[in-house]
Every structure is written in structure tokens, then in C-alpha cells.
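# Examination of the molecular architecture
So you can see what is in the structure, the chains are spelled out below.
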Amino acid sequence: MSGTLQVRDHLLNELETGVRTGEALIRKIRPEDWDFRPQDNFRSLLELVHHFVLIPASDLAIMQEKSEAEVGEIEKSLSGVEDPERLAATFRQNFETYKAYILSISEEDYLNRSTKAFYMEHGHLQVQWQIETVTHVFHHRSQIYNYLKQLGHEVSFFMLYA
């Protein structure tokens, strides 16, 4: 296996860690937690979790050059969903679909195929999009962790790598 494909797989493994530990955080949420918002200009926990769960699906749509309307439909797809188990399962499924795409592209396309998001002037390579997705998941996982800490949940740093 080439070094490029090893890096691709390491990034997928890191993303899977973010998904697995994110699922565990989601499962800790109680019904009364959903409206929590640390400040007026922050997302509610429900809005944050919906965004988080949809990252693999929306980022995949963006890297496949889907339209703003198509990405918007993905971002609205969890409207009204508050069941932690359903949200965790959706997150896992979105990751598996994302992973299948990443594994399906050739090494040449992974390194050299550029696609442009509807909101950007210039494109990114597929490898760059993958890095963006990993950092996106970890950014919002951290936010959820902090929200849960503020709500008094038993969460520890160690559970982020279990």
C-alpha cells in the first residue's frame, strides 16, 4: 500500500474515533438538555448535535459539488429528531457512506481531483476535503463535550479517546 493510501486510512481512522466518541457523547444527552444554549449567540445543544451528526453527509455533498439547495436539504433532514439513539445511528451511517466514497476514489483522484464548494471561488483537492471533514468533526465534538460539562454530565477527557 502506498504512503498516500496509508495517510488516507489514518485520517479515516481518526474520523472514526471522532464518530465513535461523538456517539457516546450524544447518548449522554437527556431530553431536558436539548434547549441548552451557553450564550444567546450560540447554537442550542439540539442545533449543534444536528449539525455534528450531519457533517459527514453535508461535507460529502460539498466535496461532490452538490448545490446549495441540495446541501440545505441534508442540513434540514434531522428537523424534529431528538432521540439520541437515532441521532447516533444516523451519525454512524453518514460516516459509513462518507468512508465508502473516500475508499472508492483512486489514489490519483484523491491527490489531484479538485472540487469546488458552492460557497467558494476555488476548489480543494479530495485529500484537503478529507482533512477538513476530520477537523470539522473534532471541532464540534469539542463543543458538545463542553456543553455537556456545563450541564453537569459526567464526562472526562479520557472518553474522547476510548
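Before going into details, it helps to say that this report is about the structure given with it. As the structure is a prediction and not an experimental result, all values here were calculated from the model.

## Focus: the environment of Ala89
By the secondary structure assignment, Ala89 is in helix α4 (residues 84-104). For Ala89, a relative accessible area of 46% corresponds to the partly exposed category. In sequence terms Ala89 and Val53 are 36 residues apart; their C-alpha atoms lie 9.1 Å from each other.

## Quick notes on the packing of helix α1 (residues 3-27) against helix α6 (residues 126-150)
Where α1 contacts α6, the axes come no closer than 10 Å and their chain directions differ by 20 degrees. Taken together, the axis directions place α1 and α6 in an arrangement best described as roughly parallel. You can see that α1 and α6 cross each other, and the crossing is left-handed. Contacts from Arg8, Leu11, Leu12, Glu14, Leu15, Thr17, Gly18, Thr21, Gly22 and Leu25 in α1 reach Gln130, Ile131, Thr133, Val134, Val137, Phe138, Arg141, Ile144, Tyr145 and Leu148 in α6. In terms of residue class, the contact of α1 with α6 is built from 11 nonpolar, six polar and three charged.

## Re the pattern of salt bridges
Evaluation of the coordinates by the stated rule reveals 10 salt bridges. The closest approach of N and O atoms between Glu32 and Arg30, which form a salt bridge, is 3.2 Å. You can call Glu32 exposed: its relative accessible area is 57%. In this structure, Glu73 and Lys76 form a salt bridge, with 3.3 Å as the shortest nitrogen-oxygen distance.

About the cut-offs
Residues numbered from 1 in each chain as written. Predicted model: local features only at pLDDT ≥ 70, side-chain atom pairs only at ≥ 80, totals over all residues. Heavy atoms only, no water. Helix = DSSP H or I, 4+ residues; strand = E, 2+ residues; numbered from the N terminus. Buried < 20%, exposed > 50% of the residue type's maximum accessible area, 1.4 Å probe, protein only. Axes fitted to C-alpha atoms, helices over the stretch in contact; angles between N-to-C directions. Parallel < 35°, antiparallel > 145°, perpendicular 65-115°, else oblique. Left-handed = near helix turned anticlockwise from the far one by under 90°. Contact = heavy atoms within 4.5 Å. Nonpolar A, V, L, I, M, F, W, Y, C, P; charged D, E, K, R; others polar. Salt bridge = Lys/Arg side-chain N within 4 Å of Asp/Glu carboxyl O.

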